[in-house]
Amino acid sequence: MTVLILTAKDDVTADLVVTKLHDAAVPVMRLDPADLPAQTVLSAHYTQGDFEGLLSANGHVVSMGGLRSVWVRRPGEPAAHADEPSAWLTAETRQALFGMLYSASARWMNHPCDADRARLKPWQLRTAHLSGFAVPPTVITTLPRLARQFAEEYGEVVVKSASGPPPGEPSLALPTTLIGPDSDFSAVAAGPALLQRYIPKRADIRLTCVGSRLFAARKTAEPDQVDGRYGDTGHTWEPVPVPDRIRKSVLDYVDMARLAYAAFDFAEDEDGFWWFLECNQSGQFGFLELQTGQPVSEAVARWLSRPARS
């Protein structure tokens, strides 16, 4: 039974897991959907009530019946590397590839349908609330008046993008910024703005969930630091225990989201309280493993190695 990893060629995080799978003698096929159809062959047969499918790439062939699990890591756009790429060819290739994979009985990390929903920030915040996390007061609006009222109520607020910076349009990118109630909110009318109560933090927390295994790491923040992803704080990530309350909420969240893998970001305030910021269903963990020694890649490999569903 084979593990299928959908990711780009240059993916160090995937390399860590592939090494663990090789060490455990688990067959692996690594495939970038961008290489379809030029460098990869697929074929699906629906005849006489039976389904058969196969993928062939880099000299390896795997049948859908022999597929153990699928890890959707960082795949490229289907058919992006074709000689004559087009939106139509991408749509056709996506239909063929994922339609075939969905027809198999493999386990997913994570299923694309669940992953698409999990990326939506308003849905994340609602699910976090239902899971028992502490969530900073947040508003997403196109009404400048409501944005101003929110800032007046909470004082300093953070404005940030819900979806991340747009590709190819750096002029529209919205960096995470701390603003006050005296700011000009008129630009909110141009597109949905996400504003959140500012949490003065003493540390950033990254918690990686693989199945039911949790790995938490902490990095001390600089005074008045807003976004822990940018800027050199002079501190490194260190492993920390997961509080029981957080553990329960994490497991409730991934159960509701139907995620096998998730990377949670928290802000630790001056009282040591963890505030939920977001959950990335495909977040990086390689840098954490290298700094903390936490065996996240081994946990991912073990999950992928489990038998497929019957």
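Residues numbered from 1 in each chain as written. Predicted model: local features only at pLDDT ≥ 70, side-chain atom pairs only at ≥ 80, totals over all residues. Heavy atoms only, no water.

S.K.: How do you make sense of the overall build of the protein chain when you look at a structure like this?
M.R.: When helices and strands are tallied, the protein chain shows eight helices and 16 strands. Computed over the C-alpha atoms, the radius of gyration of the protein chain is 21 Å, within 12% of the 19 Å expected from 2.2 N^0.38 for a compact globule of 310 residues. Seen through its C-alpha atoms, the protein chain measures out along the principal axes to roughly 65 × 45 × 35 Å. Expressed as a percentage of contacts within the protein chain between residues at least 6 apart in sequence, the contacts between residues at least 24 apart total 69%. (Helix = DSSP H or I, 4+ residues; strand = E, 2+ residues; numbered from the N terminus. Rg over C-alpha atoms; globule rule 2.2 N^0.38 Å. Contact = heavy atoms within 4.5 Å.)

S.K.: Is there a simple way to explain empty space enclosed by the protein in this structure?
M.R.: Evaluation of the coordinates by the stated rule reveals one cavity of 30 Å³ or more. The calculated volume of the largest cavity comes to roughly 60 Å³. Around the largest cavity, the lining residues are Trp71, Val72, Arg73, Met109, Asn110, Tyr261, Gln281, Ser282, Gly283 and Phe285. Here the lining of the largest cavity spans two domains, and each of domain 1 (2-109) and domain 2 (116-134 + 200-305) adds at least three residues to it. (1 Å grid on protein atoms, 1.4 Å probe; cavity = no way out; pocket = protein on both sides within 12 Å on 5 of 7 lines; lining within 4 Å. Points joined across faces, edges and corners; volume = space filled by probe spheres on them. Domains from an automatic or database assignment.)

S.K.: Sorry if this is basic, but what is going on with the domain arrangement of the protein chain here?
M.R.: For an interface, size is often stated in terms of accessible area lost upon the parts coming together. Under the domain assignment, the protein chain is made up of domain 1 (2-109), domain 2 (116-134 + 200-305) and domain 3 (138-197). Centre-to-centre separation of domain 1 and domain 2, based on C-alpha positions: 28 Å. For domain 1, the biggest contributors to the area lost against domain 2 are Leu16, Arg107 and Met109; these three give 35% of the whole. Viewed at the interface, domain 2 and domain 1 are joined by zero salt bridges. At five residues, the largest contribution of residues to the side of domain 1 that touches domain 2 is made by helix H1 (residues 12-23). Across the side of domain 1 that touches domain 2, the residue classes tally to eight nonpolar, two polar and five charged. (Buried area = accessible area lost by both parts, 1.4 Å probe. Salt bridge = Lys/Arg side-chain N within 4 Å of Asp/Glu carboxyl O. Nonpolar A, V, L, I, M, F, W, Y, C, P; charged D, E, K, R; others polar.)

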